[in-house]
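# Examination of the molecular architecture
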Amino acid sequence: GGTSLSVITAEDIEARQFHSLAQALRTVPGVQFSSTGGMGASSRVFIRGADTKNTLLLIDGIEANDPADPNRGADLANISLENIERIEVIRGPMSVLYGSNATAGVINIITRSATGDVGGYFGGEAGTYNTTKGYAGVNGSGTRGGFSLAVSHLETDGYSLANADNNEIPHAGNTSENDGWRNTSASGKVNVDITENTSLKVVARYTEAVMDEDEWGPGYAGDRFATDPVTWAYVAAPNETKKRRQESERLFGKVELRNQLFGDHFESVLDYKYARQKRDSYDNDDLLAYEYTGTTDEWSWQGKLNLTTNHSANFGADYLNEESDSTFDTKEDAHTLSYWAQHQFISAGFDVVSGVRYDDHEEFGGKTTWRIAPAYTFSSTGTVLRGVYATGFRAPSLYELYSKYGDASLDPEESTSWEVGVEQPLFDSQLEVGVTCFWMEFEERIDWDSTRVIPGQAWPGGYAQMDGESSTSGVEVFFLWDPAASVNIRMDYTYTDTEDVDGSRMARRPLHR
């Protein structure tokens, strides 16, 4: 269909020596980032200028957006690139297939599958900031299945978020401590052919990480601050202990049963997916300040019916339960039951995908979204014309609904979008150019309202539905040249214009990239 899709392969990661997910995704048009520091620091993604909460992050199809995050956004930190087969980035709304949070795009990280005879690898790296990295893996396949296992560990002293070069702020040893990061990751995938037409797949991924952090004082970041007992001012305290850090654990798992029926005319996929993400924050005195734990349980079934050589239909049902528990709020959960269907028609240069989805959320009720994505390829020139028109929605997060700053009567955010594009290969496909224009509008946007009065709260402020619409629009241009078999040159340019509900530009979205 007319979907805007970019793929980063394991070969791309190796050839370009990407060391983080954010670094790899920076090569994708229309993808922008915001980070709070160096390696390991929180990193948020904006696709086509939309909020980070409008992007769905998947790891082998498992939702990685954190239910305990205030906006149910996805943090790209602590996701290592070892054992990754490819990263797929869909730009544009995909709520029809994936439901909530996929209103601006989807990032799907797919780990390696078993191939060939049993073999292994190991290696190590070292660099600046006392950075060291070790990794190892083993994989292989046989007549009835295969496996792929990998483990890695990275440590770095990092650098301080505090600006030691800024002479306008006091230092006195309070900006000298580096912010280190430690990350240990393990992943595995096992597949077994139970019969000729039935297979079982098990996927697991575990990450444990520690990120050292600075504190924020009166207008600047420093290693530690304390209240002066005489003046009551919040001042630098460089001689006190400095153990502020965030510890995190992330566990993802999936069990999938796949059946081929009726001579490969019908495929059935039943799976169970689980994710648990835990964040513990410690203060400079090594005392636990807060903890958040987000959990998702998901059962899903989908079928694919090959009607004819030109027509295929996909349809399915999904049950998702998400739960959030934290130091400051009671444990809350919510479930969503979904049904969807999609049809694809391919013939004589046409490739048209259309679909519809219904989501029934236990708090706000039902929501219907739909999408059509046609494309046409001119056989004489190879020119591809693409287009997409779609609607989407984002369910309020558990924090937005049930925390002391939330509102259980919030409605889902809604979006409408379109895009049109053209791609042209030249010189026997050695050169390819493409242009895509896009537009997205969001209604019922949920954001912080500093004027909202909540009974029992000393100060005004809370989450509320914003009046008016916000929008993003722009142009993506790419130029790809393959002058030789082992050489390719790619250039991308993205223009992104954004408008918030008050008419201002949205923060951290560059106009040109």
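To be clear, the structure that these remarks concern was listed above.
Just so we're clear, the structure is a prediction, and the values are computed from it rather than from any experiment.

### Focus on the overall build of the protein chain
Each helix and strand counted, the protein chain has 4 helices and 30 strands in total. Its C-alpha atoms give the protein chain a radius of gyration of 24 Å, within 12% of the compact-globule value 24 Å for 513 residues. Across its three principal axes, the protein chain shows a C-alpha extent of roughly 80 × 55 × 45 Å. Out of the 513 residues in the protein chain, the part that is buried amounts to 46%. In the protein chain, once contacts between residues fewer than 6 apart in sequence are set aside, the share between residues at least 24 apart is 59%.

### Comments concerning the packing of aromatic side chains
Applying the stated rule across the entire model yields 14 aromatic pairs. Relative to Phe315, the ring of Trp301 has its centre 5.9 Å away and its plane inclined at 45°; by these criteria the two rings are tilted. Linking Trp301 in strand β19 (residues 288-306) with Phe315 in strand β20 (residues 311-326), this pair joins segments that are 14 residues apart in sequence. Joined through ring pairs, the aromatic side chains of Tyr399, Tyr405, Trp448 and Tyr463 make up one cluster.

### Some remarks on the environment of Ala162
With respect to the helices and strands, Ala162 occurs in the loop between β10 (145-156) and β11 (181-193). Exposure remark for Ala162: the relative accessible area of 5% places this residue in the buried category. Measuring from C-alpha to C-alpha, the distance between Ala162 and Thr175 comes to 5.4 Å, with 13 residues separating the pair along the chain. In contact with Ala162, not counting residues within four places along its chain, are Thr175, Asp214, Ala221 and Gly222.

### A closer look at the sheet that holds strand β6 (residues 84-91)
One open sheet accounts for 5 strands, arranged β1-β6-β7-β4-β5; its pairing is mixed. Looking along the sheet, the strands with just one partner apiece sit at the ends: β1 (4-9) and β5 (62-63). In the sheet, β1 pairs with β6 via 6 bridges, with the strands oriented antiparallel. Counterpart to Ser4 in the pairing with β6 is Arg91.

### Examining unusual backbone geometry
At Asp60, a position not held by glycine, the phi torsion is positive, near 55°. When you line up the elements, Asp60 lands in the loop between β4 (55-59) and β5. You will see that Asp264, though not glycine, has its phi angle at about 70°, which is positive. With respect to the element layout, Asp264 can be found in the loop between β17 (245-261) and β18 (266-282).

### Details of the pattern of salt bridges
Evaluated as defined, the whole model comprises 36 salt bridges. The residue Glu413 makes a salt bridge to Lys53 at a minimum N-O spacing of 2.8 Å. Linking Glu413 in strand β25 (residues 413-426) with Lys53 in the loop between β3 (43-47) and β4, this pair joins segments that are 360 residues apart in sequence. The salt bridge partner of Arg445 is Asp500, with a shortest N-O separation of 2.3 Å.

### Topic: the side chain of Glu256
Mapped onto the secondary structure, Glu256 falls in strand β17. There is a polar contact of 3.1 Å between the side chain of Glu256 and the side chain of Arg258. Other than its neighbours up to four places away in sequence, Glu256 contacts Ser199, Leu200, Lys201, Val269, Leu270 and Asp271.

### Thoughts on the pairing of β10
Pairing between strand β9 (residues 131-142) and β10: 11 bridges, direction antiparallel. What sits directly across from Asn139, in β10, is Ser148.

Definitions and cut-offs
- All chains use their own residue numbering, which begins from 1 and follows the written sequence.
- Restriction of local features to residues with pLDDT of at least 70 applies here, the model being predicted, together with a cutoff of 80 or more for giving and counting side-chain atom pairs; totals for whole chains, interfaces and linings are based on all residues.
- To obtain the side-chain values, all non-hydrogen atoms of the structure were used and water was disregarded.
- Only DSSP runs of H or I with at least four residues qualify as helices, and only runs of E with at least two residues qualify as strands; both kinds are numbered from the N terminus onward.
- C-alpha atoms define the radius of gyration in this analysis, and the globule rule sets the expected value at 2.2 Å times the number of residues to the power 0.38.
- Exposed residues in this analysis have more than 50% of their type's maximum accessible area, buried residues have under 20%, and partly exposed residues fall in between, with area computed by a 1.4 Å probe over protein chains only.
- Whether two residues touch is decided by their heavy atoms; if any such pair falls within 4.5 Å, the residues are in contact.
- Here is the rule: rings of Phe, Tyr and Trp (six-membered ring for Trp) pair when centre to centre is within 6.5 Å. Planes less than 30 degrees apart are stacked, more than 60 are edge-to-face, and the remainder are tilted.
- Only strands joined by at least two bridges in the DSSP assignment are considered to pair.
- Whenever Lys or Arg places a side-chain nitrogen within 4 Å of a carboxyl oxygen from Asp or Glu, that contact is recorded as a salt bridge.
- Each polar contact in these results corresponds to two N or O atoms within 3.5 Å; when the atoms are within protein, one needs to be able to donate a hydrogen and the other to accept it, and residues that are neighboring in sequence are counted only if both atoms are side-chain atoms.

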